[in-house]
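Per-entry structural report
What follows is each chain in one-letter form.
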Amino acid sequence: MTATRGRRALLGALFLAAATVGVWLLWLGRDTEHQVDPETGATSGPYEPWQVVGCVLTLVLLAALAGTRLSPWLVAPVMTVAFTAAWTWQAASTDDSGLWLVGAFLVLLGVAVGSTVVSLSARRLSRRPADRPS
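The present account deals with the structure reproduced in this document. From a predicted model like this one, the values you see are computed outputs, not experimental measurements. (Residues numbered from 1 in each chain as written. Predicted model: local features only at pLDDT ≥ 70, side-chain atom pairs only at ≥ 80, totals over all residues. Heavy atoms only, no water.)

The next point concerns helix H4 (residues 100-127). In an α-helix, one full turn covers 3.6 residues, which means residues spaced three or four apart are oriented alike. In this model H4 runs 40 Å from its N-terminal to its C-terminal C-alpha over 28 residues, within 8% of the 40 Å that 1.5 Å per residue would give. Taken residue by residue, H4 has Gly103, Ala104, Val107, Val111, Ser115, Val118, Ser119 and Ala122 as its buried positions. Buried residues along H4 sit in contact with helix H2 (49-69) and helix H3 (72-94). (Helix = DSSP H or I, 4+ residues; strand = E, 2+ residues; numbered from the N terminus. Expected span 1.5 Å × (residues − 1). Buried < 20%, exposed > 50% of the residue type's maximum accessible area, 1.4 Å probe, protein only. Contact = heavy atoms within 4.5 Å.)

As structure tokens, then:
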């Protein structure tokens, strides 16, 4: 690997990590309030379903774009560590039950699998030769 390629990969990884944390902050990072159903008293949250869907779709777009520019083997661990660290930081500081650890593992697993599949697929599609008419 040349110095230019290494520098490009490093800068790409730093930008990707910052963008991934930005996605977490945009969709999930500011919401720490749980909702209580007035009729049943059941507590849910802190996230609404639309927030999680928006976050996942934004992460998919980010992984796809990054997968066309960087190695998917760089994209997946960078996104996984950045998002899991951001999520875990908030969850651990607001949870007294210790269940944040289970959530952190599930977030790690989901982001790892999702970012790997999406970035590999994007890389493969971006490298496919254009079909030429016969």
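The discussion continues.
Further remarks concern the packing of aromatic side chains. With the rule as written, the count across this model stands at 2 aromatic pairs. With a centroid separation of 6.3 Å and 75° between ring planes, the pair formed by Trp24 and Trp89 is classed as edge-to-face. Residue Trp24 is located in helix H1 (residues 3-29), and its partner Trp89 is located in helix H3; the two are separated by 65 residues in the primary sequence. A relative accessible area of 60% means that Trp89 is categorised as exposed. Aromatic side chains Trp27 and Trp50 sit 6.4 Å apart centroid to centroid with 70° between the ring planes, which places their arrangement in the edge-to-face category. Of this pair, Trp27 sits in helix H1 while Trp50 sits in helix H2; the two residues are 23 residues apart in sequence, bridging distant segments of the chain. Classification of Trp27 by relative accessible area gives partly exposed; the value is 23%. Classification of Trp50 as exposed rests on a relative accessible area of 57%. (Phe/Tyr/Trp six-rings, centres within 6.5 Å; stacked < 30°, edge-to-face > 60°.)

Turning to the layout of surface pockets, a few remarks are in order. In this structure, the largest pocket occupies an estimated 330 Å³ of space. Contributing to the lining of the largest pocket are 18 residues, with Val56, Leu59, Phe83, Gly110 and Val111 lying nearest its centre. Among the elements that make up the lining of the largest pocket, the one with the highest residue count is H4 (7 residues). In this structure, the second largest pocket occupies an estimated 270 Å³ of space. Along the walls of the second largest pocket sit 14 residues, with Pro46, Trp87, Ala91, Thr94 and Asp95 positioned nearest its centre. Contributions of two or more residues to the lining of the second largest pocket are made by H3 and H4. Sort the elements by how many residues they give to the lining of the second largest pocket and H3 lands first, with 4 residues. (1 Å grid on protein atoms, 1.4 Å probe; cavity = no way out; pocket = protein on both sides within 12 Å on 5 of 7 lines; lining within 4 Å. Points joined across faces, edges and corners; volume = space filled by probe spheres on them.)

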